[in-house]
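The chain contents come next:
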Amino acid sequence: MTDTTATRIRPVVKKPVDWWRWAGRVFLTFLLLFTVLPMAWMILTSVKSQFAAMQYPPQWWPAEPTLNNYFKLLDPTQRIGQDFLRYFWNSFYVSLLTTILGVVVAVPAAYAFSRFRFPGRNFMFFAVLVRNMFPAVVFLMPLFLLMRWMGLVNTHGSLILTYLTFGLPLSIWLLKGFYDNIPIQLEQAARIDGATRLQAFLLIVMPLSTPGIIATSIFSFIGAWNEYVYAYTFLSRDDQMTLPVGIQRFFTEFATDWPGLMAATFLMSVPVVVMFLVLQKYFVRALTEGAVKH
C-alpha cells in the first residue's frame, strides 16, 4: 500500500450523541404540544353544536362542524352579537388608549433616566419597580376607594389609570435599556450641527428606539386587553364592561354555552395574534437589542 492510498483511507469517526440537545428538543416538543393542544381543542369546540360539545366520550373532530357560534357573536342584529361587539370595542378602546398614554409617558421618562444625572436618580428608577413586587390584588381595595373618591367608578377612566400605573414601570425599564445602547455621540453630533436637544431626540433617538417602543406597546396592550380583576371590580354597568368580564354571560346557573364561550375566546385572541404577526420582526429585534452593547 502506497503512502498516497494510506492517506486517502481515513477511519470514519462517529460523532458522539449530544444527549443535551436531544433532551432540549424533547422538552421543546412537549412545550409546543402543551400550548397547541388547548388552542386546538378550543377552536374545534367552537365549531360544535351544544349537544356535540357535551358528548362523552368527547370527539376531537365534530361530525357536523358549524360556524353558527361565530355568526351569532358577529351579528349586530341579535342581542348576543350586540353585547359581544360592545364588549370587544370597550376592550379595544381601553387597551389602545392605555398603550398610547403609556408610550407618551414612558418614552420621556426612560430617556431622562438614561441621559440625565440628578439627585435621587437611582432611587427613583428602582422605586418605579417596587409595585411589581406585590400582587395586583393587594392594591384592589385602595384603588377602588380612590376611584370612587375621584368619581371614576363605572367609567373606562378608572381602568385606563390603573393599567397605566401598572404598565409604566416595565415600559420605563425596557426603554431605558434601549436608550442606554444608543450612542450619545449621535446626539452630540446633531447638537453640533445646530439641532436642539428636542430635535436630536425626535430625529435621532426616536427612530433608533422604534423596536423598543413597539415591544413596550405590545406588552402594554396585552396587559390591558387580558386584565380581568380590576375590570370586574370597577365596572358594573353592562355598557362599560370589557371583553374578559363580558364573556361571563356564557356561564349561567344551570348550563354553560361551551361552543359560544370557545368562539368568543378565540375571537378575543385574534387582535393579539394579528399584532404579533404584523410586528414580529420589531418584537424579535427588541428582545435581542439589549444583548449588544454599543
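Residues numbered from 1 in each chain as written. Predicted model: local features only at pLDDT ≥ 70, side-chain atom pairs only at ≥ 80, totals over all residues. Heavy atoms only, no water.

To continue, consider helix α14 (residues 258-278). Given a rise of 1.5 Å per residue, 21 residues ought to cover 30 Å, and the 30 Å separating the end C-alpha atoms of α14 matches this to within 8%. The axis of α14 is deflected most strongly, by about 30 degrees, at V270, and proline P271 appears within four residues downstream. Turning to α14, its buried residues number three or more, namely P259, G260, L261, M262, A263, A264, L267, M268, P271, V272 and M275. Packing partners of the buried residues in α14 comprise α2 (19-46), α3 (50-53), α4 (68-74), α5 (79-115), α11 (210-226) and α13 (243-246). (Helix = DSSP H or I, 4+ residues; strand = E, 2+ residues; numbered from the N terminus. Expected span 1.5 Å × (residues − 1). Bend = angle between axes of the 7 residues up to and from the residue. Buried < 20%, exposed > 50% of the residue type's maximum accessible area, 1.4 Å probe, protein only. Contact = heavy atoms within 4.5 Å.)

A few words now on a nonpolar patch on the surface. Taken together, W89, F92, Y93, L96, I100, V104 and V105 make up a surface patch of nonpolar side chains, about 630 Å² in accessible area. Along the chain, W89 falls in helix α5. (Patch = residues over 30% accessible without salt bridge, like charges linked within 9 Å, V, L, I, M, F, W, Y side chains within 5 Å. Areas by Shrake-Rupley, 256 points an atom, 1.4 Å probe, with all protein chains shown as cover. Salt bridge = Lys/Arg side-chain N within 4 Å of Asp/Glu carboxyl O.)

Below, the discussion takes up the packing of aromatic side chains. On inspection of all chains with the given rule, the structure shows 17 aromatic pairs. A connected cluster of aromatic rings, assembled from ring pairs, spans F84, F88, W89, F92, Y93, F221 and W225. A cation sits over an aromatic face here: R25 above W22, 4.8 Å from the ring centre. (Phe/Tyr/Trp six-rings, centres within 6.5 Å; stacked < 30°, edge-to-face > 60°. Lys NZ or Arg CZ within 6 Å of the ring centre and 35° of its normal.)

This next bit is on the environment of Y93. Position of Y93 among the secondary structure elements: in helix α5. On a C-alpha basis, the gap between Y93 and T242 in space is 9.4 Å, while along the polypeptide they are 149 residues apart.

A word on the packing of α5 against α11. Here α5 crosses α11 at 140 degrees, and the two axes come no closer than 8 Å. If you check the angle between α5 and α11, you find them oblique. Helix-helix and strand crossings are classified by hand; for α5 and α11 the assignment is right-handed. On the side of α5, the interface is formed by F88, S91, F92, S95, L96, T98, T99, V103 and V107, while α11 contributes I213, S217, S220, F221, A224 and W225. (Axes fitted to C-alpha atoms, helices over the stretch in contact; angles between N-to-C directions. Parallel < 35°, antiparallel > 145°, perpendicular 65-115°, else oblique. Left-handed = near helix turned anticlockwise from the far one by under 90°.)

By size, the foremost hydrophobic cluster in this structure holds 39 residues, and its most contacted members are L73, L159, Y163, Y230, F234 and L243. Within the residue set of this core, elements represented by two or more residues are α4, α5, α7 (140-149), α8 (156-181), α11, α12 (229-234), α13 and α14. Considering every element that reaches this core, the biggest residue donor is α14, with eight residues. Not counting chain neighbours up to four residues away, the residues in contact with Y230 comprise A136, V137, F139, L140, L143, L159, T162, Y163 and F166. (Core = buried A, V, L, I, M, F, W, Y, C linked by side-chain atoms within 4.5 Å.)

Without other data, these values stay purely geometric and don't point to any function.
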